[in-house]
2 protein chains.
Amino acid sequence: MSTTSIKEVAKLAGVSLGTVSNVLNQPERVAEHTRRRVLDAIAQLGYVRNDSARQLRAGSSRQIAIVVLDVANPFFTDVVRGAEVEAEKHGVMVVVCNSSEDSDRERRHLDLLEEQRIRGLLITPVDDTRNSRLEQLIQRGTPVVLVDRGSGGRDRCSVAVDDVLGGRLAGEHLVATGHEHIAFVGGPMSIQQVADRHRGVTLATKGTARLSTIATPSLTVAAGRAAVAELADLPAARRPTALFCANDLLALGVLQEATKRGVRVPDDVAIVGYDDIDFAAAAAVPLSSVRQPREQLGRTAAQLLLEETEADGRHEHRHVVFQPELVVRESSTRT
Amino acid sequence: MSTTSIKEVAKLAGVSLGTVSNVLNQPERVAEHTRRRVLDAIAQLGYVRNDSARQLRAGSSRQIAIVVLDVANPFFTDVVRGAEVEAEKHGVMVVVCNSSEDSDRERRHLDLLEEQRIRGLLITPVDDTRNSRLEQLIQRGTPVVLVDRGSGGRDRCSVAVDDVLGGRLAGEHLVATGHEHIAFVGGPMSIQQVADRHRGVTLATKGTARLSTIATPSLTVAAGRAAVAELADLPAARRPTALFCANDLLALGVLQEATKRGVRVPDDVAIVGYDDIDFAAAAAVPLSSVRQPREQLGRTAAQLLLEETEADGRHEHRHVVFQPELVVRESSTRT
DNA sequence: GCGAGTCGCTGAAACGTTTCACAACCCCCG
DNA sequence: CGGGGGTTGTGAAACGTTTCAGCGACTCGC
């Protein structure tokens, strides 16, 4: 067992505890030859600093956490990567937690993270309304940045993409290409992004096209496939001619299942997704999608968070909103 | 700041430190009414246990780590999910670290994790040969399970898929469908899986087809696209008629770029990938691929690890090898 | 040659838990 | 009524670090 402590290093090097600590933390404060002796002792004993003890003394850890809705969603992995890039610059580690869109799991993660005195938190909350656990965390002093979620008030930063605009872009595009019955595929509505995208497409279709909604229990490929089954049950006349999916995984699932059932895309039904993940362009029918600056979202979020943790004095909470961009590909191009 | 400690809880509840600790850790040992008083005090003060102190005392943390080559690769996210499922059963948290196929980053992660006295480690090492940092970690007593990497000796467990067999399956399939010049696309060869898959296809083609190699610097979509550029420079006569890619991301990149350049798949060139990630089936041309039991890989790895950490006495290191399975789709079907 | 300043190092306190030996009390039995 | 045994609760030690006041020795300027 790696049970070597600073004390044994000190003994071997023939110096005091404090000196070893100084070698580790403020090397310039200790004389060259002493420092060398200590470093030799450290190497010889295979000493590894105990971070628990260090944290205990310091009061907070050197890690930040990011809690995402789904690790398997390329959108979030890109966000995570962005956050990592920024964190690395500041010498802090990122721990990735997966809520799986389950608020119980989310709460458990928050409990654990708070016990660890995590330095700060990036989170896309499962449920925005009355997330009292998160409020508690903030109130007790943990800096939090909301990711991909605009509002949230004065006591925290946030980064987001204008999802209402994204929904509108998709909707306007579909209306412009002549669709008169559009369906929004997505859910649950308790996820703010889903609600916003829905609101966007609602605005775009108001007075120009009929809009129906196919609710899904989650934003996954499997949920997309299931949604098509629901659609297929409708009489042909009541079927929408275009589908706007709340994210790309859903859209890819829809596309797969539709193709399997012999429904032609975009001729029988047009599809627009959301996120523009790398796989969207490589799909069986290249997918139109609303693009978000994924990595930048993560980078900016981490930046805001680290800025807050490093500002001893007053920190001005900010809300950064990025603009989405519609990428039209074959899946929504009328032939 | 959340500076409430057990001491203040004790004072408010009118009991001693030890009693509060007992309420937290062995509630059955303290009388009903005392317990209630303590719990009330905890709630009233918003007390949150300080994990650093707890760990310091205990000597090791309640987290296990998984270090993967690429968080953005769906293969690994599935492995991670498997590990999480298993970890959750045992009440331990999984922290996900991303080496990005960079051994420096990997080493830094290992340094940090060892400082945190992580309870155990799941890792797919960047570089198998002489990974002395990892050896050191094991030798000092951190339980390690190698993921997707078969060998590794007697002092650790491992889970893996037989990559040589996987490569052979792909090779035999391409030979059987009449290809006489096959190229292996992948790299770097220092990654054991890549070398093994290459060895497998070498075995399968020995004496029956010509095999060339297109080396890539990494296993990403971008690297796949770049590989096609290299191919296109060859005179037509020297171009392979089939490509076996070391993973699906690579294959999807190859497919995208080939399509863009007007190369027809599978007519002009057949493609077989590896991993069978969800997106493989949804690609522009559905991708043939060698399937691995991804989630089970993660679950089993975590199982072995937790078994080792919980076995106070002797633990028998085991090496679990799964069999891969070839899934033939359109990308390698001669018409 | 003396005070002031600097440099390098020491030793103890403090961080918040868990653990453990032991004390106080009660109950029941002989 | 004495003592064994169980149940509750106590208080101090220990985990490994960082920090900080302070101490000795040396240098410099006057």
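To be clear, the structure that these remarks concern was listed above.
Quantities reported herein were computed from a predicted structural model and do not represent experimental measurements.

Residue and element names in this part refer to chain B. Ordered by their spatial adjacency, 6 strands build an open sheet running E7-E6-E8-E9-E10-E12, and the pairing between neighbours is mixed. Both edges of this open sheet fall to strand E7 (210-215) and strand E12 (325-327), since each of them pairs with a single strand only. On average, each strand axis in the sheet is tilted by 20° relative to the strand beside it, whichever way the strands run. Bridge count for strand E6 (residues 181-186) against strand E8 (residues 242-245) is 4 bridges, and the pairing is parallel. When the bridges of E8 are listed, Ile 182 appears paired with Ala 242.

Turning our eyes to something else, we now look at the interface of chain A and chain B. Counting residues at the interface gives 46 residues for chain A and 46 residues for chain B. For the pair chain A and chain B, the summed buried area comes to about 4400 Å², and 54% of that belongs to carbon and sulfur atoms. The largest per-residue losses of area from chain A upon contact with chain B belong to Met93(A), Glu115(A) and Phe279(A), which jointly make up 15% of the total buried on that side. The tally of links between chain A and chain B comes to 10 salt bridges. Residues Arg105(B) and Glu88(A) are paired through a salt bridge, measuring 2.3 Å at the closest nitrogen-oxygen approach. Listing elements by their share of the side of chain A that touches chain B, those giving two or more residues are helix H4 (51-58), helix H5 (74-89), strand E2 (93-98), helix H6 (103-115), helix H11 (248-260) and helix H12 (278-281) of chain A. Sort the elements by how many residues they give to the side of chain A that touches chain B and H6(A) lands first, with 7 residues.

Attention now goes to the protein's contact with DNA strand C. Taken together, 20 residues sit near DNA strand C, with Thr19(A), Thr34(A), Ile6(B), Tyr47(B) and Arg57(B) positioned nearest. Contact distances for DNA strand C include 2.8 Å between a phosphate oxygen and a backbone N or O atom of Ala31(A). Ser21(B) is positioned with one of its side-chain polar atoms (N or O) 2.9 Å from a phosphate oxygen of DNA strand C. If you list the elements that add at least two residues to the surface near DNA strand C, you get helix H2 (17-25) and H4 of chain A together with helix H2 (17-25) and helix H4 (51-58) of chain B. Of the residues that constitute the surface near DNA strand C, the class distribution is 7 nonpolar, 9 polar and 4 charged.

Here we come to the state of the cysteines. As used in these notes, a disulfide is a covalent bond between sulfur atoms, one from each of two cysteines. The tally for this structure, following the rule as stated, stands at 0 disulfides over all chains. Cys97(A) provides the cysteine sulfur closest to Cys97(B), a residue in no disulfide bond, and the two sulfurs are 11 Å apart.

In a beta sheet, neighbouring strands are held together by backbone hydrogen bonds and run either parallel or antiparallel to one another. Residue and element names in this part refer to chain A. As summarised here, the arrangement of the 6 strands in space is E7-E6-E8-E9-E10-E12, forming an open sheet in which the pairing is mixed. Each having just a single partner strand, strand E7 (210-215) and strand E12 (325-327) make up the two edges of the open sheet. Averaged over neighbouring strand pairs, the angle between their axes works out to 20° when direction is ignored. Of the pairings in the sheet, the one linking strand E8 (residues 242-245) to strand E9 (residues 270-275) comprises 3 bridges and is parallel in character. If you follow Leu 243 over to E9, its bridge partner there is Ile 271.

The subject of this paragraph is the pairing of strand E3 (residues 120-123) of chain A. Residue and element names in this part refer to chain A. Residues Gly 120 and Leu 122 point to one face of E3 and Leu 121 and Ile 123 to the other, with burial holding for every one of them. Pairing of strand E1 (residues 63-68) with E3, which is carried by 4 bridges, proceeds in the parallel orientation. Among the inter-strand pairings, Ile 64 is bridged to a residue of E3, identified as Gly 120.

Between chain A and chain B, which share one sequence, the superposing operator has a rotation angle of 180° and an axial displacement of 0.0 Å; the RMSD is 0.1 Å. On the angle and the small slide along the axis, the relation comes out as a two-fold axis. Residues of chain A ranked by C-alpha distance from the rotation axis are headed by Ala284(A), positioned 1.6 Å from it. Both copies share a contact surface, since 100% of the interface residues of chain A are interface residues in chain B too.

This next bit is on the packing of aromatic side chains. We describe a pair of aromatic rings using the distance from one ring centre to the other and the angle between the two ring planes. Taken as a whole and judged by the stated rule, the model has 7 aromatic pairs over all chains. Ring geometry for Phe75(B) versus Phe76(B): centroids 5.0 Å apart, planes at 75°, classification edge-to-face. When sorted by exposure, Phe75(B) lands in the same class as Phe76(B), which is buried. Among the aromatic residues, those joined into a cluster by ring pairs are Phe184(A), Phe244(A) and Tyr274(A). Against the face of Tyr274(B) rests Arg197(B), its NZ or CZ located 3.7 Å from the ring centre.

Moving on: the pattern of salt bridges. Taken as a whole and judged by the stated rule, the model has 56 salt bridges over all chains. Residues Glu84(A) and Arg105(B) are paired through a salt bridge, measuring 3.8 Å at the closest nitrogen-oxygen approach. Note that Glu84(A) is positioned in helix H5 and Arg105(B) in helix H6 (residues 103-115), a pairing that runs across two chains. The two residues Glu84(A) and Arg105(B) agree in class, both being buried. Between Arg156(A) and Glu135(A) there is a salt bridge, with its nearest N and O atoms 2.9 Å apart.

Turning next to the protein's contact with DNA strand D. Within the structure, DNA strand D sits among 20 residues, and Ile6(A), Tyr47(A), Arg57(A), Thr19(B) and Thr34(B) are positioned closest to it. When the atoms of DNA strand D within 4 Å of the protein are sorted by group, sugar and phosphate make up 71%. The separation between a phosphate oxygen of DNA strand D and a polar side-chain atom of Tyr47(A) is 2.4 Å. With respect to DNA strand D, the backbone of Asn50(A) contributes an N or O atom lying 3.4 Å from a phosphate oxygen. Every element with two or more residues in the surface near DNA strand D is listed here: H2 and H4 of chain A together with H2 and H4 of chain B. Per-class residue counts for the surface near DNA strand D are 7 nonpolar, 9 polar and 4 charged.

This next bit is on the nonpolar core. In this structure, Leu122(A) and Leu122(B) are the most contacted members of the largest nonpolar core, which totals 140 residues. Other than its neighbours up to four places away in sequence, Leu122(B) contacts Ala65(B), Ile66(B), Val67(B), Ala83(B), Val145(B), Val147(B), Ala301(B), Ala302(B) and Leu305(B).

Before going further, it helps to spend a moment on the packing of helix H10 (residues 221-232) of chain B against helix H11 (residues 248-260) of chain B. Residues and elements named next belong to chain B. Across the interface, H10 lies against H11 with an axial gap of 6 Å and an inter-helix angle of 45°. Overall, the two elements H10 and H11 adopt an arrangement that is oblique. The two elements H10 and H11 cross, and the hand of that crossing is right-handed. Taking contact as the criterion, the partners of Val 221, Ala 223, Gly 224, Arg 225 and Val 228 in H10 are, on H11, Leu 249, Leu 250, Gly 253, Val 254, Gln 256, Glu 257 and Ala 258. Partitioned by chemical class, the residues of the contact of H10 with H11 number 7 nonpolar, 3 polar and 2 charged.

Turning our eyes to something else, we now look at the packing of H4(A) against H4(B). Two numbers describe how H4(A) lies on H4(B): the axes approach to 8 Å, and their chain directions differ by 145°. Judged by the sense of rotation from one axis to the other, the crossing of H4(A) with H4(B) is left-handed. Contacts from Ser52(A), Ala53(A), Gln55(A) and Leu56(A) in H4(A) reach Ser52(B), Ala53(B), Gln55(B) and Leu56(B) in H4(B). Tallied by class, the residues present in the contact of H4(A) with H4(B) amount to 4 nonpolar, 4 polar and no charged.

Definitions and cut-offs
- Residues numbered from 1 in each chain as written.
- Chains lettered and ligands numbered in written order.
- Predicted model: local features only at pLDDT ≥ 70, side-chain atom pairs only at ≥ 80, totals over all residues.
- Heavy atoms only, no water.
- Pairing = 2+ DSSP bridges.
- Helix = DSSP H or I, 4+ residues; strand = E, 2+ residues; numbered from the N terminus.
- Axes fitted to C-alpha atoms, helices over the stretch in contact; angles between N-to-C directions.
- Contact = heavy atoms within 4.5 Å.
- Buried area = accessible area lost by both parts, 1.4 Å probe.
- Salt bridge = Lys/Arg side-chain N within 4 Å of Asp/Glu carboxyl O.
- Near = heavy atom within 4 Å.
- Polar contact = N/O pair within 3.5 Å; in protein donor to acceptor, adjacent residues only side chain to side chain.
- Nonpolar A, V, L, I, M, F, W, Y, C, P; charged D, E, K, R; others polar.
- Disulfide = S-S within 2.5 Å.
- Buried < 20%, exposed > 50% of the residue type's maximum accessible area, 1.4 Å probe, protein only.
- Least-squares fit on C-alpha atoms with pLDDT ≥ 70 in both.
- Phe/Tyr/Trp six-rings, centres within 6.5 Å; stacked < 30°, edge-to-face > 60°.
- Lys NZ or Arg CZ within 6 Å of the ring centre and 35° of its normal.
- Core = buried A, V, L, I, M, F, W, Y, C linked by side-chain atoms within 4.5 Å.
- Parallel < 35°, antiparallel > 145°, perpendicular 65-115°, else oblique.
- Left-handed = near helix turned anticlockwise from the far one by under 90°.

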